[in-house]
Amino acid sequence: MSTDAEQDGQSLADWRRWHEERIVAVAAPHGPLSLTGTHWLSDHPDGRIPGVPGRWREDGDEVLLTAGPEDGLTLDAKPLTGEARLGPDRGPIDTSRVARGERRLVVLRREGLWAVRDFDPASPARHAFRTIEATPYDPRWSLDGVFRPYGSDRTVRVENADGRERGLGLGGEIAFTLDGAAHTLQVAVEPDGSLWAVFADATSGSGSYRFRFLRPAAPDAEGRVRVDFNRALLPPCAFADHFICPFPPPGNTLPVAVAAGERNRVDA
């Protein structure tokens, strides 16, 4: 039977591996640092997006892309000349359908509005990035929690990082105790059953980024869940200004300083 010290040692090793993998993923050619623009088609009624080849227009439930040889675009890895009808890209960025060399042009739909995202491995942000500042693992921040689902899904309107207000779907809350005080965080439920919380705390905007994400694994059959703030994540908008991350919903700002997890991006 393993001792507490052995379990903590394994948790530390797991955390270090997780942290190293996060740095690699963020710095990947089509990771979040490579996003150079999110272009809403409603802002470009003529279909011309500055710096983005082709002509992009909304057409009902699709985007109509028109390209000529001079645009240098490919669709499904084949040169695109003429018209193509596109839906939202849902897979990994590097598998998106439209590309121009190493750039990936990703179709996005959010609340009925269409956008094109431009991911460029040559982005200045990607080449300036050095690491993710994170607090070393501390078992104090790995807590027992309980997931309490709502009777039905709820949607709240919250401000996003681009200044617009959008709906945030919530499926329940996780309850946990920290230093003898009870706390809750409202969470979304992902398709695989895992949870997602957007939260802030007393360090937000000073010792850490202005808000962070937490992604607990799916609760067990009795609703028990591990709330591990050692794995608090910087949101994508900490790496590129063109993401539209939601701010924490009401009630998800903890009154304590969560000195754990990822804190800030560090550039060279």
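Structure: see above.
Residues numbered from 1 in each chain as written. Predicted model: local features only at pLDDT ≥ 70, side-chain atom pairs only at ≥ 80, totals over all residues. Heavy atoms only, no water.

Draft legend 1. Expanded view of the sheet that holds strand E8 (residues 103-110). Reading across from one edge, E1-E9-E8-E7-E4-E5 is the order of the 6 strands in this open sheet, with antiparallel pairing throughout. In the strand order of this sheet, the two ends are held by strand E1 (35-40) and strand E5 (78-79), each with one partner. Pairing of strand E7 (residues 98-100) with E8 involves 3 bridges; the strand directions are antiparallel. By the bridge assignment for E8, alanine 99 is matched with arginine 104. (Pairing = 2+ DSSP bridges. Helix = DSSP H or I, 4+ residues; strand = E, 2+ residues; numbered from the N terminus.)

Draft legend 2. Representation of the sheet that holds strand E14 (residues 195-199). Taken together, 6 strands build an open sheet; the order of strands is E15-E14-E13-E12-E11-E16 and the sheet is antiparallel. Of all strands in the sheet, those with a lone pairing partner are strand E15 (212-214) and strand E16 (224-228), marking the two edges. Strand after strand, the sheet turns through a mean of 45 degrees between neighbouring axes, direction not considered. (Axes fitted to C-alpha atoms, helices over the stretch in contact; angles between N-to-C directions.)

Draft legend 3. Focus on the environment of alanine 259. Tracing the sequence through the fold places alanine 259 in the loop between E16 and strand E17 (261-267). Under the relative-accessibility criterion, alanine 259 is labelled partly exposed at 42%. When the C-alpha atoms of alanine 259 and alanine 232 are compared, they prove to be 10.0 Å apart, with 27 residues separating the residues in sequence. (Buried < 20%, exposed > 50% of the residue type's maximum accessible area, 1.4 Å probe, protein only.)

Draft legend 4. A look at the nonpolar core. Counting 32 residues, the largest nonpolar core has Phe129, Ile132, Phe211, Phe213, Phe239 and Phe243 as the members making the most contacts within it. Within the residue set of this core, elements represented by two or more residues are helix H1 (4-26), strand E10 (129-135), strand E11 (142-159), strand E12 (165-178) and E14. Those residues in contact with isoleucine 132 that lie beyond four places of it in its chain are His19, Arg22, Ile23, Val26, Leu234, Phe239, Glu262 and Asn264. One finds Leu178, Ala197, Phe199 and Leu214 within the second-largest nonpolar core, a separate group that totals 19 residues. (Core = buried A, V, L, I, M, F, W, Y, C linked by side-chain atoms within 4.5 Å. Contact = heavy atoms within 4.5 Å.)

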